[in-house]
Number of protein chains: 4
Amino acid sequence: MRSKESGAPTRTQRARHQDLITAAIQVITRDGYRAASVDRIAREAGTSKGTALYHFSSKEELYQAVVSALFETGATYMAERLLAADTATDKLRTYIETNLRFITLHPAHVGATQQILMNSDTVHAVQLDDAIAPLRRLLQSGQESGEFGEFDPEVTALSIRAIVDGAASYFLAHPELDHEHYIREAAALFLRAVQPASLTSKDAS
Amino acid sequence: MRSKESGAPTRTQRARHQDLITAAIQVITRDGYRAASVDRIAREAGTSKGTALYHFSSKEELYQAVVSALFETGATYMAERLLAADTATDKLRTYIETNLRFITLHPAHVGATQQILMNSDTVHAVQLDDAIAPLRRLLQSGQESGEFGEFDPEVTALSIRAIVDGAASYFLAHPELDHEHYIREAAALFLRAVQPASLTSKDAS
Amino acid sequence: MRSKESGAPTRTQRARHQDLITAAIQVITRDGYRAASVDRIAREAGTSKGTALYHFSSKEELYQAVVSALFETGATYMAERLLAADTATDKLRTYIETNLRFITLHPAHVGATQQILMNSDTVHAVQLDDAIAPLRRLLQSGQESGEFGEFDPEVTALSIRAIVDGAASYFLAHPELDHEHYIREAAALFLRAVQPASLTSKDAS
Amino acid sequence: MRSKESGAPTRTQRARHQDLITAAIQVITRDGYRAASVDRIAREAGTSKGTALYHFSSKEELYQAVVSALFETGATYMAERLLAADTATDKLRTYIETNLRFITLHPAHVGATQQILMNSDTVHAVQLDDAIAPLRRLLQSGQESGEFGEFDPEVTALSIRAIVDGAASYFLAHPELDHEHYIREAAALFLRAVQPASLTSKDAS
DNA sequence: AATGAATGAGAGTTCATTCAT
DNA sequence: CATGAATGAACTCTCATTCAT
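A quick note: this is a predicted structure, and the numbers were derived from the prediction, not measured. (Residues numbered from 1 in each chain as written. Chains lettered and ligands numbered in written order. Predicted model: local features only at pLDDT ≥ 70, side-chain atom pairs only at ≥ 80, totals over all residues. Heavy atoms only, no water.)

1. Digging into the interface of chain D and chain C
Taken together, the contacts link 30 residues of chain D with 31 residues of chain C. Where chain D abuts chain C, roughly 2,800 Å² becomes buried across the two surfaces, and 58% of that area is made up of carbon and sulfur atoms. One can count zero salt bridges joining chain D with chain C. On inspection of chain D and its partner chain C, the count reaches 11 residue pairs in polar contact (both at pLDDT 80 or more). Class assignment for the residues of the side of chain D that touches chain C results in 14 nonpolar, eight polar and eight charged. (Contact = heavy atoms within 4.5 Å. Buried area = accessible area lost by both parts, 1.4 Å probe. Salt bridge = Lys/Arg side-chain N within 4 Å of Asp/Glu carboxyl O. Polar contact = N/O pair within 3.5 Å; in protein donor to acceptor, adjacent residues only side chain to side chain. Nonpolar A, V, L, I, M, F, W, Y, C, P; charged D, E, K, R; others polar.)

See below:
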């Protein structure tokens, strides 16, 4: 029975689903995207190709599930922490730090998802733009309130996005490093960059 | 003639080589890395699979040529401009701007190369670290001379690298934008971020 | 299931394996070694290339199976008959006759195996030397016991081996002949050749 | 101009022909029959694929030339020596020894030719039968004159042929051995085998 | 006389997917 | 639920052969 049809998924179903998602992440991370065949993923999950494609009616659907799982976990994680922030400065710092901290918690899942999206045929330029928009709005509102200085919010948002996106592979390649240090430094870097210029002038005098 | 052999390449050789390199870039950019089969690339170049593999003895060799072509063009372009810079500030701005400007000139080539390297089996984590090193040294020397403030040079270098790496896909997705504006803004952003604290306010972060 | 994995082979497994081995022998024998592509073998077995490579993960593995199948059948056949022989003379006759009789039973399988080994990259010079050794020892022990006369055991062993190796193609080319006659004559030939010269003396008187 | 057309071959033509024949033998012997592509052979001969197929209009024609060259050299060599022999015994010994001695002189050429014929589509069962016939006649006439004893001439001829055919690979695999010893032993072996049963006493060659 | 260039046929192999059990 | 079996499409690569120069 295909997973899309009947209503509530069985416990076994959910378990198998999770196993396969985990296996896909593992194989993609360990052996590379190209080596990640359904067969290899299934075997990593301790089952067979036939079974894998019984649970997910196509490879793409499995990969979609990997992506969705990350987005769901991520959205929850982010939302909880972002609400606590008040000022634009605080929100920006929280945004950057929370994002990076989340990546530290799930570097393989994030990395695998990036590879899946990168190789997906569906345009993900849109997805990138979507991910940029709220960040740009945050920066703009900080400028309007006077907390931030003058800069192009789009470019700044893209820059922030870029380092967040690069973080997964960096954390995976250097698991021995002090990620928390990296996180704080990255946030600090952008906070300095968005500071109003006016603040600097008077101190210089 | 196998491309490995000695001797100067014929005119036809070079022409076909260039055609195939261009076609590979085109196909990867337009149809995606996975869709880029030798057959499709050859057809894009107006020739046949057999001919393509006559000129490049393997697909990997063709891809290697794509990468090499970019590195050669890029190295020349960068070297000329970086020499003109004097102070650390100037060097940093030049580094960022020149990099981005080069990408604006060859976004497809850069993007294709990124995909090739990303899918290559040879470790490119090393390559990334290598690309970071000179940048980190530039930042460090700026700190030692007092031009730059206090920050982690590694994290900052990685951030700069990240936005440069992200630029190709952004420029490709938005060819209508004013890239020169993006470039100046990106450079300005990092220049603000590396400014000495003494110049700025009292309570950065 | 990849054939390397553990566990007992299914009934279907064994059946298909056997079908493909038989088909490989058939195609090699009928159409020649070079014409024996996986596709053609598969079609001969009434299946498809994909299926063939599902059961044997490479062409080489299929060929290896052809060779192994012959060796197993042959070893059993030979062992049973060789044990019965007592004297060196008897052993030699049995060795030659049994070898040739086995080839008469499976000329195509033997011929195909010879072609496979001959075209294999793995050194089969070694294999030939290995096949010679026991025969040489048999001849030597016959000489030591005085049953055999003086001759170079190596050269004689190689000669015996040579006619045994040539028998498959001869039997295949002449299926109408009386193979049993050939077998007995061949054995008699070598028995005469190894006879001690001294035995003949009494007849001279 | 194709080699078949005009009358007398140029000196250059003959030289190139010989170079390519030698190269083919070399490549087949060193790298194996399967690895012997026209390209590789041409390069071994210090020329190009195009040139090779200018001189021999097909690969098969080149291989045919390898075979013919051997047969011509061999026929001359054999004929000279066989004429000297008188009795059937002498002829047989000469046949075996001369054959083997010729192989010792050209083991690579003989080996390459064997591989070519073995992989050729044209039936070479006929060729083998043809090669057997004169030998069988020699043995028969020896029997009729009473020089030889009773045995099946066909089987004996095949046996002699078999060891001669096996000699090339043996000599190639063991170039360090005393081939002359091998040759004399092989001849002696068969002479003992064809001896009349009654005669065996005093003069076993 | 020589050869670089081009090409199409065919090889082995991988893989997502379908299906009967 | 699960899976072994089967398959066809697509891929990279090899190679003998043709041809223009």
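2. Remarks on the relation of the copies chain D and chain C
For the match of chain D to chain C, the screw axis carries a shift of 0.0 Å, the RMSD comes to 0.3 Å, and the turn is 179°. In the structure described here, the two chain copies are related by an operation that fits a two-fold rotation axis. Across chain D, the smallest distance between a C-alpha and the rotation axis is recorded for Ala193(D), namely 2.4 Å. Here 93% of the contact residues of chain D are again contact residues in chain C; the copies associate through an equivalent surface. (Least-squares fit on C-alpha atoms with pLDDT ≥ 70 in both.)

3. A closer look at the packing of aromatic side chains
Residues and elements named next belong to chain A. In the structure shown here, the tally under the stated rule is 26 aromatic pairs over all chains. By the ring-pair criterion, three or more aromatic residues cluster together here, those being Tyr170, Phe171 and Tyr182. Between Arg81 and the ring centre of Tyr77, over which it is positioned, the NZ or CZ distance is 3.8 Å. (Phe/Tyr/Trp six-rings, centres within 6.5 Å; stacked < 30°, edge-to-face > 60°. Lys NZ or Arg CZ within 6 Å of the ring centre and 35° of its normal.)

4. Description of the packing of helix α8 (residues 153–173) of chain C against helix α8 (residues 153–173) of chain D
One way to put it is that α8(C) packs onto α8(D) with a least axis distance of 8 Å and a crossing angle of 110°. Classified by the angle their axes make, α8(C) and α8(D) are roughly perpendicular. Between α8(C) and α8(D), the residues in contact are Glu154(C), Leu158(C), Ser159(C), Ala162(C), Ile163(C) and Tyr170(C) and Glu154(D), Leu158(D), Ser159(D), Ala162(D), Ile163(D) and Tyr170(D), respectively. (Axes fitted to C-alpha atoms, helices over the stretch in contact; angles between N-to-C directions. Helix = DSSP H or I, 4+ residues; strand = E, 2+ residues; numbered from the N terminus. Parallel < 35°, antiparallel > 145°, perpendicular 65-115°, else oblique.)

5. Here we look at the protein's contact with DNA strand F
Neighbouring residues of DNA strand F: 32 residues in total, closest Thr47(A), Thr51(A), Lys59(B), His55(C) and Lys59(D). If you look at DNA strand F and keep only atoms within 4 Å of the protein, 68% of those are sugar or phosphate atoms. One nitrogen or oxygen atom from the main chain of Val38(D) is found 2.8 Å from a phosphate oxygen belonging to DNA strand F. In the environment of DNA strand F, a phosphate oxygen lies 2.5 Å from a nitrogen or oxygen atom belonging to the side chain of Lys59(D). The set of elements that each furnish at least two residues to the surface near DNA strand F consists of α3 (49–55) of chain A, α3 (49–55) of chain B, α1 (11–31) and α3 (49–55) of chain C together with α3 (49–55) of chain D. By residue number, the principal contributor to the surface near DNA strand F is α3(A), which donates five residues. (Near = heavy atom within 4 Å.)

6. Regarding the environment of Ile103(B)
Residues and elements named next belong to chain B. Among the structural elements, Ile103 can be located in helix α5 (residues 88–105). For Ile103, a relative accessible area of 5% gives the class buried. Note: C-alpha distance between Ile103 and Asp165 (62 residues apart in sequence) is 9.2 Å. In contact with Ile103, other than residues within four places in its own chain, are Val110, Val164, Ala167, Ala168 and Phe171. (Buried < 20%, exposed > 50% of the residue type's maximum accessible area, 1.4 Å probe, protein only.)

7. Describing the UniProt feature "DNA-binding region" (unreviewed entry) in chain A
UniProt records the feature "DNA-binding region" (unreviewed entry) for residues 37–56 of chain A in the present numbering. The straight-line gap between the two end C-alpha atoms of residues 37–56 of chain A is 14 Å; of that span, 70% is helix and 0% is strand. (UniProt positions renumbered as here; feature names shortened; annotations may be inferred.)

8. Section: the relation of the copies chain B and chain A
Once turned by 178° and shifted 0.0 Å along the axis, chain B lies on chain A with an RMSD of 0.3 Å. The residues that chain B uses at the interface reappear at the interface of chain A in 82% of cases, marking a shared surface.

9. A look at the side chain of His174(C)
Relative to the assigned elements, His174(C) resides in the loop between α8 and α9 (179–194). Take His174(C): its relative accessible area is 15%, and that puts it in the buried class. Once residues within four sequence positions are removed from consideration, His174(C) is found in contact with His179(C) and Asp129(D).

10. As for the pattern of salt bridges
If you walk through the whole model with that rule in mind, you get 44 salt bridges over all chains. Measuring nitrogen to oxygen at the nearest pair gives 3.5 Å for the salt bridge that ties Glu97(A) to Arg101(A). Of the two residues, Glu97(A) and Arg101(A) are both situated in helix α5 (residues 88–105); the distance of four residues between them amounts to about one turn of the helix. Taking the relative accessible area as the measure of exposure, Glu97(A) reaches 14% and is therefore buried. Arg101(A) sits in the partly exposed class, given a relative accessible area of 27%. Between Asp31(B) and Arg40(B) there is a salt bridge, with its nearest N and O atoms 3.2 Å apart. Its relative accessible area of 22% is what places Asp31(B) among the partly exposed residues. On the accessibility criterion, Arg40(B) (40% relative accessible area) is partly exposed.

11. Topic: the interface of chain B and chain A
Opposite the 34 residues of chain B that make contact, chain A presents 32 residues. Interface of chain B and chain A: buried area, both sides summed, is about 3,100 Å²; carbon and sulfur atoms make up 58% of it. The three residues of chain B that bury the most area against chain A are Arg34(B), Leu189(B) and Arg192(B), which together make up 17% of that side's buried surface. In this assembly, chain B and chain A are joined by zero salt bridges. Scanning the region where chain B abuts chain A turns up 11 residue pairs in polar contact (both at pLDDT 80 or more). It is helix α8 (residues 153–173) of chain B that provides the largest number of residues to the side of chain B that touches chain A, a total of nine residues. For the side of chain B that touches chain A, the class distribution of residues is 16 nonpolar, nine polar and nine charged.

12. Some words on the protein's contact with DNA strand E
In the vicinity of DNA strand E, 37 residues are found, and the nearest of them are Lys59(A), Arg16(B), His55(B), Lys59(C) and Thr51(D). Counting only atoms of DNA strand E within 4 Å of the protein, the fraction found in sugar and phosphate groups is 67%. Contact between DNA strand E and Val38(A): a phosphate oxygen at 2.8 Å from a main-chain N or O atom of the residue. Looking at the surface near DNA strand E, the elements that each hand over two or more residues are α3 of chain A, α1 (11–31) and α3 of chain B, α3 of chain C together with α1 (11–31) and α3 of chain D.

13. Regarding helix α4 (residues 59–82) of chain C
Owing to its 3.6 residues per turn, the α-helix brings residues three or four apart onto one side. Residue and element names in this part refer to chain C. Here α4 is 24 residues long and its end C-alpha atoms lie 34 Å apart, about the 34 Å a rise of 1.5 Å per residue gives. What α4 keeps buried is the set Glu61, Leu62, Tyr63, Ala65, Val66, Val67, Ala69, Leu70, Gly74, Tyr77 and Met78. In this fold, the buried residues of α4 make contact with α1, α2 (38–44), α3, α5 (88–105) and α6 (107–119). (Expected span 1.5 Å × (residues − 1).)

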